Amino acid sequence: DERRREAMTRSVERVTEADIRRMEARELVRRAMAALPDRQREVLHLKEIEGFATREIAAMIGCDEAQVRVILSRARMALRGILQKMMDDERTTRTD
């Protein structure tokens, strides 16, 4: 039991401020992605997380590559807007 506590303490001490910021950023992006419309979230996930090519995504979802590019563009724009609002809300909360 004592060894377990010591091991946990050592692992917690290794977590840096940068690690915490990265975890917070990932969570923020996850929440923002969840707020996207289904099709935008799906296409953005396939492209950015799964690494599929535009051509492959088009075949998967049954549309042409130009439409995939439009969906990606709109998804990225919406994601930026959502993240900006989340950051603004966070700043407002901290200053209150």
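Further up the page is the structure itself.
It should be emphasised that the depicted structure is a prediction, and the values quoted were computed from it without experimental measurement. (Residues numbered from 1 in each chain as written. Predicted model: local features only at pLDDT ≥ 70, side-chain atom pairs only at ≥ 80, totals over all residues. Heavy atoms only, no water.)

**Side note on the layout of surface pockets**
In this structure, the largest pocket encloses a volume near 260 Å³. Taken together, Glu24, Leu28, Arg31, Met86, Met87, Glu90, Arg91 and Arg94 form the lining of the largest pocket. Counting residues per element, the ones that place at least two in the lining of the largest pocket are helix 2 (17-34) and helix 5 (65-95). Examining the composition of the lining of the largest pocket, we find that 5 residues originate from one element, helix 5, more than from any other. (1 Å grid on protein atoms, 1.4 Å probe; cavity = no way out; pocket = protein on both sides within 12 Å on 5 of 7 lines; lining within 4 Å. Points joined across faces, edges and corners; volume = space filled by probe spheres on them. Helix = DSSP H or I, 4+ residues; strand = E, 2+ residues; numbered from the N terminus.)

**With respect to the nonpolar core**
Core analysis: the largest hydrophobic core is formed by 16 residues, its most contacted members being Val43, Leu44, Ile57, Ile61, Val68 and Leu79. Every element with two or more residues in this core is listed here: helix 2, helix 3 (38-49), helix 4 (54-61) and helix 5. Here this core gets 6 residues from one element, more than from any other, and that element is helix 5. Every residue in contact with Val43, bar those within four places of it in the chain, is listed here: Ile57, Ile61, Val68, Ile71 and Leu72. (Core = buried A, V, L, I, M, F, W, Y, C linked by side-chain atoms within 4.5 Å. Buried < 20%, exposed > 50% of the residue type's maximum accessible area, 1.4 Å probe, protein only. Contact = heavy atoms within 4.5 Å.)

**What about the side chain of Thr54?**
Relative to the helices and strands, Thr54 resides in helix 4. With a relative accessible area of 14%, Thr54 lands in the buried category. Residues within four places of Thr54 in sequence aside, it is in contact with Lys47, Glu65, Val68 and Arg69.

**Here's the deal with a nonpolar patch on the surface**
Judged by side-chain polarity, Val15, Ile20 and Met23 come together as a nonpolar surface patch covering roughly 230 Å² of accessible area. Note on placement: Met23 falls in helix 2. Residue Met23 is classed as partly exposed on the basis of its relative accessible area of 46%. (Patch = residues over 30% accessible without salt bridge, like charges linked within 9 Å, V, L, I, M, F, W, Y side chains within 5 Å. Areas by Shrake-Rupley, 256 points an atom, 1.4 Å probe, with all protein chains shown as cover. Salt bridge = Lys/Arg side-chain N within 4 Å of Asp/Glu carboxyl O.)

**Re the side chain of Gln40**
Counting through the fold element by element, Gln40 comes out in helix 3. Since its relative accessible area comes to 15%, Gln40 is described here as buried. Setting aside residues up to four positions removed in sequence, Gln40 forms contacts with Ile71, Arg74, Ala75 and Ala78.

**Things to note about helix 2**
Taking 1.5 Å of rise per residue, the 18 residues of helix 2 would be expected to cover 26 Å, and the 26 Å separating its terminal C-alpha atoms lies within 8% of that figure. Within the sequence span of helix 2, burial applies to Leu28, Ala32 and Met33. End-on view of helix 2: buried residues confined to an arc of 130°, all on one side of the axis. (Expected span 1.5 Å × (residues − 1). Arc of directions from axis to C-beta.)

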